[in-house]
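# Working through the structure, step by step
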Amino acid sequence: MNILVTGGAGYIGSITTRLLCERGHNCIVLDTLENGHLTAVDPRAGLTIGSVGNQKLVEELLRTHAIDAVIHLAGYIEVADSKEFPEKYYANNVEAPRRMLEAMRAAGTSALVFSSTAAVYGEPGRVPILEDDPKQPINPYGASKLVFEEALDAAAASWGLRSIRLRYFNVAGAWPDGSLGEAHVPETHIIARILEALLDAEETGAAPQFSLFGTDYPTPDGTCVRDYIHVCDLALAHALALEALGADEDGGVYNLANGQGYSNREVLATAQQVTGHALRVAEVPRRPGDPAVLIADATRARERFGWQPQYPALADMIAHAWAWYHS
């Protein structure tokens, strides 16, 4: 298939693009490089620097490359940032991709895999979370993703768009040999933040201080509990979803996760064990907008696509990410 991957120079996008190329697909990456990296784009994929909000550009790419389907990974993702600058998130996560949808409609490209998020659920009423559970986002990031999901429903009704929405939980890890990984500036995800501190410990021989946000949650050890998924398992799910749409199958909504939660304290302990280095932990107040527990039921994706995580262990995710930091 000929695939347009938006955000294909970013963390998840670059690894998904590599996997798609290895599965024999032809990929075109569209990325502003605001948060992506030129060197992360697979050399087998074409790269166009630009925004999904440029309707004329997107339509031209779709027509020129006879694109069969779009994987939409471009978007802002930081919870705290979304609370400070909500208008930025609605502009980038809703308005810009709506123009992309208009381009798809004009070009006759009617298949889309959308990178959504567990943040659409907000504070869940139960765990594990099912796809049909209430959607009550508690931050603008999650709300913006949910609004775009609703736009996909409208496009399905008005002109026949087929979309698969993948709501995934905390992503971690790297390509197993460490050749591709997470490179956000600044890093806000906990595993990346921990590994950056541990890298400093390795280089200096000292134990740097690490800030642990929130230790008074209603969880067994007082810290947030999250369901982590390896980035390569996430990329595989995108490929399987894309191939289902390519076979003219219907769309749908799917959770992507391992179905097991780890607390922030457990993540800290595992990272120190894997790397062999230590940190000093400073307990600081909660960040705004962080739910206490997010664990998902991903049975629907397993049954629909035959998707099976290959790297479910937290230690493997951390070990692969640690290899990335040493690459």
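Structural data are supplied above this passage.
I will try to describe carefully the structure that is included in this document. (Residues numbered from 1 in each chain as written. Predicted model: local features only at pLDDT ≥ 70, side-chain atom pairs only at ≥ 80, totals over all residues. Heavy atoms only, no water.)

## Remarks on the sheet that holds strand β5 (residues 111-117)
Sheet strands pair via backbone hydrogen bonds, and the direction of the pair is either parallel or antiparallel. Sheet architecture is open: seven strands sit in the order β3-β2-β1-β4-β5-β6-β10, paired in parallel fashion. Every other strand in the sheet has two partners, leaving β3 (46-49) and β10 (252-256) as the edge strands with one partner each. Taken over all neighbouring pairs, the strand axes of this sheet differ in orientation by 20 degrees on average, direction set aside. As judged from the seven bridges shared by β5 and strand β6 (residues 162-168), these two strands associate in the parallel manner. Bridging from a neighbouring strand, F114 pairs with R165 of β6. Strands in contact with helix α5 (residues 140-159) are β4 (69-72), β5 and β6; relative to β5, the strand with the most contacts, it is inclined by about 155 degrees. (Pairing = 2+ DSSP bridges. Helix = DSSP H or I, 4+ residues; strand = E, 2+ residues; numbered from the N terminus. Axes fitted to C-alpha atoms, helices over the stretch in contact; angles between N-to-C directions. Contact = heavy atoms within 4.5 Å.)

## What to know about the pattern of salt bridges
When charged atoms on two side chains of opposite charge get close, those side chains can pair. Enumeration over the complete set of coordinates arrives at 16 salt bridges. R44 is the salt-bridge partner of D42, the closest N and O atoms lying 2.9 Å from each other. Relative accessible area serves as the criterion here: at 6%, D42 is assigned to the buried category. Here E95 and R98 are joined by a salt bridge, their closest N and O atoms 3.2 Å apart. One end of the pair, E95, and the other, R98, are both in helix α4 (residues 86-107), three residues apart, so they sit about a helical turn from each other. E95 sits in the partly exposed class, given a relative accessible area of 36%. Residue R98 is classed as partly exposed on the basis of its relative accessible area of 34%. Bridged by salt links that share partners, the residues E149, D153, R165 and R167 form one connected network. (Salt bridge = Lys/Arg side-chain N within 4 Å of Asp/Glu carboxyl O. Buried < 20%, exposed > 50% of the residue type's maximum accessible area, 1.4 Å probe, protein only.)

## Observations regarding empty space enclosed by the protein
Rolled over the atoms, a probe with the dimensions of a water molecule shows which regions are left empty. Under the criterion given, the structure shown has one cavity of 30 Å³ or more. Taken as a whole, the largest cavity holds about 60 Å³ of empty space. Listing elements by their share of the lining of the largest cavity, those giving two or more residues are α6 (190-204) and α10 (314-325). Here the residues of the lining of the largest cavity are counted per class, giving eight nonpolar, two polar and one charged. (1 Å grid on protein atoms, 1.4 Å probe; cavity = no way out; pocket = protein on both sides within 12 Å on 5 of 7 lines; lining within 4 Å. Points joined across faces, edges and corners; volume = space filled by probe spheres on them. Nonpolar A, V, L, I, M, F, W, Y, C, P; charged D, E, K, R; others polar.)

## What about the packing of α6 against α10?
Remark: α6 packs on α10, axes separated minimally by 10 Å, with the N-to-C direction vectors making an angle of 55 degrees. As the angle between them shows, α6 and α10 are arranged oblique. Regarding α6 and α10, the two cross each other, and that crossing is right-handed. Mapping the contact onto sequence places I191, A192, L195, E196, L198, L199 and E202 in α6 and L314, I318, A321, W322 and Y325 in α10. For the contact of α6 with α10, the per-class residue count stands at 10 nonpolar, no polar and two charged. (Parallel < 35°, antiparallel > 145°, perpendicular 65-115°, else oblique. Left-handed = near helix turned anticlockwise from the far one by under 90°.)

## What to know about the nonpolar core
Counting 44 residues, the largest nonpolar core has L256, F305 and W307 as the members making the most contacts within it. Among the elements that make up this core, the one with the highest residue count is helix α7 (residues 231-246) (12 residues). Setting aside chain neighbours within four positions, we find L256 in contact with L166, R167, Y168, F169, I229, L234, A237, A298, A301 and W307. (Core = buried A, V, L, I, M, F, W, Y, C linked by side-chain atoms within 4.5 Å.)

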